[in-house]
Each structure stands twice: as structure tokens, then as C-alpha cells.
Amino acid sequence: MEFWKMNGAGNDFILLNNLKEHLPEEAFPDIARTLCERHLSIGADGLMVVDAPVQGGDYRMRFYNSDGSVGEMCGNGARCICRYGYETGLAGETQTVETTAGIITGQRIDRRNYRIRLNDPSTVRLDMAVEVDGVRYPCSYVELGNPGLPHAVVPFPGLQDADEHALRELGRKLRWHPAFPKGANVNFYEIAGEDLVYERTFERGVEDFTYACGTGTGSTVTVLTLQGKVSGRDVRVRMPGGELRIDTVRQGSRITDLFLTGPTNIVCKGEVTDEDLRLTESSSKTSSV
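I will try to describe carefully the structure that is included in this document. Since the model is a prediction, treat every value here as computed from it, not as a measurement.

Description of the overall build of the chain
- Within the chain one finds six helices and 17 strands.
- Rg of the C-alpha trace for the chain: 18 Å, near the compact-globule value of 19 Å for 289 residues, within the 12% margin.
- When its C-alpha atoms are laid out on the principal axes, the chain stretches across 55 × 40 × 30 Å.
- Within the chain, the proportion of its 289 residues that are buried is 55%.
- Across the chain, every contact between residues at least 6 apart in sequence was considered, and the portion connecting residues at least 24 apart equals 61%.
- Summed over its atoms, the accessible surface of the chain is roughly 12200 Å², and 45% of this surface lies on carbon and sulfur atoms.
- Both charge centroids of the chain, one from 32 positive and one from 41 negative side chains, sit 4 Å from each other.

Here is the structure:
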């Protein structure tokens, strides 16, 4: 199998083109679990698969977390796949990409920077409080798209200097909290300046912090815009992997448009030769590794 490895602000992905590989859908969870293992294989936060469109888009994006679970959408992944689509001739500088959470649009800014319109916020709850180990944490909840990609947004003063182990344990407990029936990606944030936010995201399906999270960044700025804490225009969000920018369009108490802009990086291109990858009998008839 041919692959690309890409990252968007440190959020890294393995990309396969199923228009060429012709692998069955049931093979992808095992492929994701095997190839995303950092010490034993290529390593990544997730697997992206380019497939044939079914709703009139330029192509379809299938996304799998590193544990093999299906992800509804991935913002940084979508920016990377838009660059792949442009550079391989699947789409032009403006493109439409089908995702599990709905159709998104992407735009090429320059060689490395891409902008996507994220799925609309379909659920927004601004004033929740979630209790963990007897402590109540202020929290907001956002779902992007339909079916919605779930995000908890949690203010955390002193985030940049927080103890990594304690923050990870809190993130894990919030990620599995019964207040979130679908589970949740947990976005801790602190406001670092005017329209400047620092964020850490504990991602569902990765089960750890990632260097960046595009949909988490969009969800956090959605909450802060509606709360009047940021302007909603060209809001800079810094994470360990770099900086992303969010623009919103607000109508009253609703965010009607949500845009994510940031860098992409093509790390390498090659051929998968992982001898531990075991495809099913049906998939081995159509493709070999």
C-alpha cells in the first residue's frame, strides 16, 4: 500500500488512497490500530482514507482514531487531506469533502496553509458543571456536525504550567464522564491575551493529549465567542504543535459558520511494508502489502 504521512500543527496522520488500493471498509480499523502504533509501526494520531464520494463531493474522507474507532471528523486531518486532494489532482483550490459528520469545504491559501469550513455546531451548552473526585469543574459542551463530534470545553487557569500527569488523569476522567453519553474530546483552555487562547486537548480515540486538535479549537472558540470572551474573528489558538486560527460568523446566540486555518506538513511518502499487518482474507484478495 502506498501512503503519505502528514501533520497539521503536530496532529499527525497516515493517509491511504482507497481509490487505488480497493480495500474493504472492515479492514480499516485493524489497519489503523497497527500502523498508528508509534513504537511498532509508522505511528500517528489517526488514519485517513480517501474514498469515492457518495454525496456529490470531490471525494470522501474516512477517519479512524489510532485505537481503530471511527471518528466523525477531524479538522486538522481535513486540512491535510485537502492538500492531498489538491496535490494529487482530485480537487482544485476550492473543494468539497464528504465526512461522516457532513460535507465540509476546503480552500488552499498557499502551498502549506489550508482553510476549511468546519461542520456547523449542532449542539451547544454553555453552562454545565461536571464533578470529578468531589470537585466541580465549569464546562461547556459542543457537538460539530450530524452525527455530532463531541467536545467538552473546560477553563483551566495556569494551564501552560499545569502538572502533565495530573492534567492527563483529569482529562481521562472527563473524557469518560457519564455526563457525555458519547464520550468527549476534552479541551482545556486559558485565555492568554486579546483573541489569544492556549489549549490542550485530550482526544477520544487517541486516549491521550495530542499536539493539536482542529475541531477542538473550533469548539473552544465557539464557546468563547458566545460567552463574549473573544471576538470570534481571527482568534489565535496555541497548542504544543503550533498555532491555529479560527473565524466565526455569529447570528444572535448561534454560530452559523466556523472556519479553521493552519499549516500542513507532508512528512513522508512511501510504501507500507509492516510485516505485522494482517489483512483479512477478503482484503488480501484485492490488495497486498
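Now that the structure is up, let's keep going.
Observations concerning the nonpolar core
- Leu 15, Met 48, Met 61, Met 73, Ile 81 and Ile 116 are the most contacted members of the largest nonpolar core, which totals 44 residues.
- A per-element tally of this core places helix α3 (residues 75-87) first, with five residues.
- For Met 48, the residues in contact, after removing those within four places along its chain, are Phe 13, Ile 14, Leu 15, Leu 16, Met 61, Arg 62, Phe 63, Gly 77, Ala 78, Cys 80 and Ile 81.
- In this structure, Met 128, Tyr 137, Tyr 141 and Val 186 belong to the second largest nonpolar core, which totals 20 residues.

As for the side chain of Ser 41
- Here Ser 41 shows up in the loop between α2 (28-35) and β3 (46-51).
- Residue classification places Ser 41 among the buried positions, given a relative accessible area of 18%.
- Apart from residues no more than four positions distant in its own chain, Ser 41 is found in contact with Thr 34, Leu 35 and Asp 274.

Describing helix α5 (residues 214-226)
- With 13 residues, α5 should cover 18 Å at 1.5 Å per step; its first-to-last C-alpha distance of 18 Å lies within 8% of that length.
- In the stretch just after α5, Gly 228 is the one whose phi turns positive, near 75°.

With respect to unusual backbone geometry
- The linkage connecting Asn 146 with the following residue, Pro 147, adopts the cis geometry, with an omega of 5°.
- Looking at the secondary structure, you find Pro 147 in the loop between β9 (135-144) and β10 (149-155).
- The phi dihedral of Ala 9 falls on the positive side, at around 55°, and the residue is not glycine.
- In this structure, Ala 9 sits in the loop between β1 (2-8) and β2 (11-17).
- Residue Ala 9 is classed as buried on the basis of its relative accessible area of 5%.
- Residues other than glycine seldom take positive phi values, yet His 22 does so here, at roughly 60°.

Digging into α3
- In this model α3 runs 19 Å from its N-terminal to its C-terminal C-alpha over 13 residues, within 8% of the 18 Å that 1.5 Å per residue would give.
- Counted residue by residue, α3 has 11 buried out of 13 residues, so it is predominantly covered.
- Residues Gly 75, Asn 76, Gly 77, Ala 78, Arg 79, Cys 80, Ile 81, Cys 82, Arg 83, Tyr 84 and Gly 85 constitute the buried set of α3.
- After α3 finishes, the residue Gly 89 shows a positive phi value of roughly 80°.

Basis of the calculations
Residues numbered from 1 in each chain as written. Predicted model: local features only at pLDDT ≥ 70, side-chain atom pairs only at ≥ 80, totals over all residues. Heavy atoms only, no water. Helix = DSSP H or I, 4+ residues; strand = E, 2+ residues; numbered from the N terminus. Rg over C-alpha atoms; globule rule 2.2 N^0.38 Å. Buried < 20%, exposed > 50% of the residue type's maximum accessible area, 1.4 Å probe, protein only. Contact = heavy atoms within 4.5 Å. Areas by Shrake-Rupley, 256 points an atom, 1.4 Å probe, with all protein chains shown as cover. Lys, Arg positive; Asp, Glu negative; His and termini not counted. Charge placed at Lys NZ, Arg CZ, Asp CG, Glu CD. Core = buried A, V, L, I, M, F, W, Y, C linked by side-chain atoms within 4.5 Å. Expected span 1.5 Å × (residues − 1).

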